[in-house]
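Residue-level structure breakdown
Residues per chain are reported as follows:
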Amino acid sequence: METITQPAEMSAWSEQTRRTGQSIALVPTMGFFHEGHLSLMRFAAARADRLVVSLFVNPIQFAPGEDLERYPRARERDAALAAANGADILFCPEPAAMYPRDFRTTVTVAGISEGLCGRSRPGHFAGVATVLAKLFNLVQPDRAIFGEKDFQQLAVIRTLVRDLNWNIEILGHPIVREPDGLAMSSRNVYLNKDERQAALALPLSLEHARHRVGQGERRPEVLRGEINAILAAAGLRPEYIEFVDELSLQPVALVGEGTVLALAARSGATRLIDNCRFKQLD
Ligand code: PAF
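Computed from a predicted model, the values in this text were never measured in an experiment.

Attention now moves to the overall build of the protein. If you tally the helices and strands in the protein, you get ten helices and nine strands. The C-alpha atoms of the protein give a radius of gyration of 19 Å, which matches the 19 Å a tight globule of 282 residues would have. For the C-alpha atoms alone, the extent of the protein along its principal axes is close to 55 × 40 × 35 Å. Sequence separation of 24 or more characterises 71% of the internal contacts of the protein that already satisfy a separation of 6 or more. Carbon and sulfur atoms form 50% of the exposed surface of the protein, whose accessible area is close to 13,100 Å². Across the protein, the centroid of the 32 positively charged side chains sits 1 Å from that of the 34 negatively charged ones.

Okay, structure coming up:
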């Protein structure tokens, strides 16, 4: 595996690779790899000739006061893991190389960036869309792979690629969970033992909702009340509990096929998200 830090060098590699007729998959990340990232890499490596993993803690998707400075970093360990999981290139630019002083452009995907996580993180998805626009242009991938845990992010990216006519296939990869059900996240390292235990209420409440929907309960307000009680009993502070359409991200009147239940809650100071999609309801 080769490590590239300069955007111009990344571009040159991609152009050369495409000229030889090889396909490129991209897994964009912010590093501190866990099994969720590694399964994205293996999934991606099996679907293209060459795999580029980008590792960039993107400053413009963090609001002031968020965890940009303390976001966990482990560059050498990450490089070894990326190499062992199929990466040909690890692209890790410095912030100043991606955002020079006179950088002025923001890409906004209006209409689906403002609700859910966007409500407490205004500007977050514009930061994500902007860095991905740059990564897509530099890497020129045939396909790019993202985890479904960040379900709103995936919807924003699909819309971005459609609207700006990039010929890039966007693939979602199912959430990877710890054996006890907690969705893997780089931010799980912030949790102490009690907060980690309390966080299990997130997957448990998704399970509860699946069970209740299976029993025939389809009213979001009823299910929301029950989930809120489960999260609160565990000591979590829910930020949102929403039943939305998987494409429009608009709230649904009744849970049906293609509805996504999306949750965000704090365990201690750590903000966690999780979701599940309902299918084949009768
Ligand atoms: O999901 C992430 O880790 C980031 O939001 C992404 C897609 C790498 C953009 O910075």
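Close to the ligand lie Pro28, Thr29, Met30, Asn58, Gln61, Val128, Val131, Phe146 and Gln153, which account for all nearby residues. One of the side-chain nitrogen or oxygen atoms of Gln61 is found 2.6 Å away from an oxygen atom of the ligand. Interatomic distance of 2.7 Å between a side-chain N/O atom of Gln153 and an oxygen atom of the ligand. Protein chains shield 88% of the accessible area of the ligand, which is 290 Å² for the free molecule. Looking at the shell around the ligand, the elements with two or more residues in it are strand E2 (24–29) and helix H6 (124–139). Its residues placed into classes, the shell around the ligand shows five nonpolar, four polar and no charged.

What follows concerns the sheet that holds strand E9 (residues 270–277). Pairing is antiparallel across the open sheet formed by three strands, whose spatial order is E7-E8-E9. Pairing within the sheet leaves two strands with one partner each, and these edge strands are strand E7 (237–245) and E9. Strand-to-strand, the axes of this sheet are offset by a mean angle of 15°, without reference to chain direction. Running at roughly 150° to E7, helix H10 (residues 220–233) makes contact with E7 and strand E8 (259–267) of the sheet.

What follows concerns the side chain of Thr259. With respect to the secondary-structure elements, Thr259 resides in strand E8. For Thr259, a relative accessible area of 3% puts it in the buried group. There is a polar contact of 2.9 Å between the side chain of Thr259 and the backbone nitrogen of Gly256. Sequence-distant contacts of Thr259, defined by excluding residues within four places in its chain, comprise Phe243, Val244, Val252, Leu254, Cys276, Arg277 and Phe278.

This part takes up the sheet that holds strand E5 (residues 143–147). Spatially, E1-E4-E3-E2-E5-E6 is the arrangement adopted by the six strands of the open sheet, whose pairing is parallel. In the strand order of this sheet, the two ends are held by strand E1 (2–4) and strand E6 (169–173), each with one partner. With strand direction ignored, the average angle separating the axes of adjacent strands in the sheet is 25°. By the bridge criterion, three bridges tie E1 to strand E4 (residues 89–91) in an arrangement that is parallel. Note on E4: the bridge partner recorded for Glu2 is Ile89. Along the sheet face, helix H1 (residues 7–19) touches E1, E2, strand E3 (50–55) and E4 and points at about 130° away from the line of E1. Lying on the sheet, H6 is in contact with E2, E3, E4, E5 and E6; it crosses E2 at an angle near 150°.

What follows is about helix H7 (residues 151–163). Between its first and last C-alpha atoms H7 spans 18 Å; for 13 residues at 1.5 Å apiece the expected length is 18 Å, and the two agree. In terms of burial, H7 is largely enclosed, as ten of its 13 residues are buried. Looking only at H7, the buried set comprises Phe151, Gln152, Gln153, Leu154, Ala155, Val156, Ile157, Thr159, Leu160 and Val161. Just downstream of H7 lies Asn165, where phi reads positive at about 60°.

A separate point is the pairing of E3. In terms of burial, E3 is largely enclosed, as five of its six residues are buried. When E2 meets E3, the two strands line up parallel, connected through six bridges. Residue Val27 lies in a different strand from E3, and its bridge partner there is Val53. Between the parallel elements E2 and E3, the chain passes through helix H2 (residues 35–45) in a crossover that is right-handed.

Next up on the list: the packing of aromatic side chains. Under the definition given, this model contains five aromatic pairs. Measuring from centroid to centroid gives 5.5 Å for Phe136 and Trp166, while their planes differ by 75°, and the two rings are edge-to-face. Residue Phe136 is found in helix H6, and its partner Trp166 is found in the loop between H7 and E6; the two are separated by 30 residues along the sequence. Note on Phe136: relative accessible area 2%, which makes it buried.

Rules behind the numbers
- Residues numbered from 1 in each chain as written.
- Predicted model: local features only at pLDDT ≥ 70, side-chain atom pairs only at ≥ 80, totals over all residues.
- Heavy atoms only, no water.
- Helix = DSSP H or I, 4+ residues; strand = E, 2+ residues; numbered from the N terminus.
- Rg over C-alpha atoms; globule rule 2.2 N^0.38 Å.
- Contact = heavy atoms within 4.5 Å.
- Areas by Shrake-Rupley, 256 points an atom, 1.4 Å probe, with all protein chains shown as cover.
- Lys, Arg positive; Asp, Glu negative; His and termini not counted.
- Charge placed at Lys NZ, Arg CZ, Asp CG, Glu CD.
- Near = heavy atom within 4 Å.
- Polar contact = N/O pair within 3.5 Å; in protein donor to acceptor, adjacent residues only side chain to side chain.
- Nonpolar A, V, L, I, M, F, W, Y, C, P; charged D, E, K, R; others polar.
- Pairing = 2+ DSSP bridges.
- Axes fitted to C-alpha atoms, helices over the stretch in contact; angles between N-to-C directions.
- Buried < 20%, exposed > 50% of the residue type's maximum accessible area, 1.4 Å probe, protein only.
- Expected span 1.5 Å × (residues − 1).
- Right-handed = clockwise from strand over helix to strand, strands pointing away.
- Phe/Tyr/Trp six-rings, centres within 6.5 Å; stacked < 30°, edge-to-face > 60°.

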